[in-house]
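Topology and contacts: notes
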Amino acid sequence: MAQLIAPVVNGVLQQIEREDPNEPKRGTSELGKEAFLQLLMCQMENQDPLNPSTDTEFVAQLATFSQLEQLQNLYAVSEKSQAFNLVGKNVILSSEDSNGREVTISGKVDFISVSAKNQIKLSVDGKTYDLEQLRTVIDDKYVLQKGLPEISEQIQYTYDAKKPEDLKFEVNLGSGDTIADEVTLYLNNQILDSKYVKMDGNKVTINSEAFANLPNGVYKPAVIFNDSLYTTVSNKVVVTVVNSTVTGEETDTGQEENETKN
């Protein structure tokens, strides 16, 4: 610990800091509790006899010390409380690789540990990191939404009853806790039979026979994924049926027909 020696020259307290050579050097920009007490003791022992400090000054200094101690204790408690709230949260931390280059680590906080010296450590994927390495805390809902299955591009498909072709498109099957491996279509107010749907990785093929019984019109089927939330995408696929010989009351999407009636 750094030791403070404060001689008095011409009635003025001189502050000289000498470090213990056996201890690692530390910054001195902060005034800790022990340093504050040592300064106060030096001041009391080396007062100018002709102009001594009053009791009121010492009381004020002790009050300042008490406030400093309370603030430090409050900060330590607050820091621990905030750290404990990180358990189970998705975080991004800053670290260094074997070459000393800065890298980012992401994952969920498994647990928090606090040493006897109040050093807080975060455990992420079995490895511990200092609280000072924390860079970002991510809301769980945000992570969930980012991992949902989706269809990136707008699909415009025309079913020509005279020259039928299969409907093919690509999907993003999601990530994390919301990964899907199958899809189905909700078309014309009913779930499409699975025999018409084929999956090959992230590529979906809908057999043209699925549209053979539809009258001419425009349909907006919903694509339903089989992830844990059954994510449904209803605004990416548009099917236009032409040259159909099937007759029916609905010549547009069932949804649009119902909205018109209402």
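Attention here is on the structure that accompanies the text. As the structure is a computational prediction, the values presented were derived from the model and not from experiment.

Cut-offs used in this document
- All residue numbers refer to position in the chain's written sequence, counted from 1.
- Selection of residues for local features in this predicted model requires a pLDDT of at least 70, selection of side-chain atom pairs for listing and counting requires 80 or more, and totals for whole chains, interfaces and linings are taken over all residues.
- Each side-chain value is worked out from all heavy atoms of the structure, with water and hydrogens disregarded.
- Secondary structure elements follow DSSP: runs of H or I of four or more residues count as helices, runs of E of two or more count as strands, with numbering from the N terminus.
- To sort residues, take the accessible area from a 1.4 Å probe on protein chains only and compare it with the maximum for the residue type: under 20% means buried, over 50% means exposed, and anything in between is partly exposed.
- Working rule for contacts: check all heavy atoms of both residues, and any pair within 4.5 Å makes them a contact.
- A 1.4 Å probe and the Shrake-Rupley method give the accessible areas. Residues count as covered only by the protein chains that appear here.
- At least two DSSP bridges between two strands are required for those strands to pair.
- Inter-axis angles, ranging from 0 to 180 degrees, are taken between N-to-C directions of lines fitted to C-alpha atoms, where helices are fitted over the stretch in contact.
- Definition used for salt bridges: Asp or Glu carboxyl oxygen within 4 Å of a side-chain nitrogen of Lys or Arg.
- Pairing of aromatic rings covers Phe, Tyr and Trp, the last counted by its six-membered ring, and requires centre-to-centre distances within 6.5 Å; plane angles under 30 degrees mean stacked, over 60 mean edge-to-face, and any other angle means tilted.

A look at the overall build of the chain
Helix and strand counts for the chain stand at four helices and 19 strands. Burial statistics for the chain: of 262 residues in total, 25% are counted as buried. A fraction of 57% describes how many contacts in the chain between residues 6 or more apart in sequence connect residues 24 or more apart. Of the roughly 18,000 Å² of accessible surface on the chain, a fraction of 48% belongs to carbon and sulfur atoms.

As for the sheet that holds strand β8 (residues 127–130)
Taken in spatial order, the five strands line up as β8-β7-β6-β5-β9 in an open sheet, and their pairing is antiparallel. Looking at the sheet topology across the chains shown, the edges are occupied by β8 and β9 (134–138). Averaged over all neighbouring strand pairs, the angle between strand axes comes to 45°, with direction disregarded. Bridge analysis of strand β5 (residues 90–96) against strand β6 (residues 102–114) gives seven bridges, and the strand direction is antiparallel. Looking at β6, one finds that Asn90 is bridged to Lys108.

Here we look at the pattern of salt bridges
Opposite charge on two side chains makes pairing possible when the charged atoms of those side chains draw close. What the rule picks out here adds up to two salt bridges. Ionic pairing is found between Asp97 and Arg101, a salt bridge with its closest N-O pair at 3.1 Å. In this structure, the salt-bridge partner of Lys121 is Asp130, at a minimum N-O distance of 2.3 Å.

Topic: the pairing of β5
Of all seven residues that make up β5, five are buried, and the element is covered over most of its length. Between the end of β5 and the start of β6, which pair antiparallel, lie five residues, with Gly100 showing a positive phi angle near 80°. Of the strand pairs in this sheet, β5 and β9 are connected by four bridges, and their pairing is antiparallel. Opposite Ile92, over in β9, you have Thr136 as the bridge partner.

As for the packing of aromatic side chains
On inspection of all chains with the given rule, the structure shows two aromatic pairs. On the numbers, 5.2 Å between centres and 45° between planes, the contact of Tyr157 with Phe211 is tilted. Taken together, the residues Tyr157 in strand β10 (residues 155–160) and Phe211 in the loop between β15 (203–206) and β16 (217–219) connect sequence positions 54 residues apart. With a centroid separation of 5.9 Å and an interplanar angle of 45°, the aromatic rings of Tyr159 and Phe211 are classed as tilted. Taken as a pair, Tyr159 in strand β10 and Phe211 in the loop between β15 and β16 lie far apart in primary sequence, 52 residues in all.

Here we look at the side chain of Thr184
Mapped onto the elements, Thr184 comes out in strand β12 (residues 183–187). When residues no more than four places from it in sequence are discounted, the contact partners of Thr184 are Ile191, Leu192, Ala222, Val223 and Ile224.

A look at the pairing of β8
Sheet topology places strand β7 (residues 120–124) next to β8; four bridges connect them, and they run antiparallel. Paired with Lys121 across the strands is Asp130, a residue of β8. Counted between consecutive antiparallel strands, the loop separating β7 from β8 contains two residues, among which Asp125 sits at a positive phi close to 55°.

Remarks on the sheet that holds β15
Spatially, the three strands line up as an open sheet ordered β11-β15-β14, and their pairing is antiparallel. The sheet is open, and its two edges are formed by β11 (167–170) and β14 (197–200), each paired on a single side. In this sheet, adjacent strand axes meet at a mean angle of 20° when their direction is disregarded. Here β11 pairs with β15 via four bridges, running antiparallel. Across the sheet, residue Lys168 finds its bridge partner in β15, namely Thr205.

Describing unusual backbone geometry
Glycine aside, the phi torsion of most residues is negative, and most peptide linkages are trans. The phi dihedral of Asn189 is positive, around 70°, even though this residue is not glycine. Summarising the element assignment, Asn189 is placed in the loop between β12 and β13 (190–191). Of note in this structure, Asn243 is not a glycine but carries a positive phi near 60°. Inspection of the secondary structure assignment puts Asn243 in the loop between β19 (237–242) and α4 (254–261).

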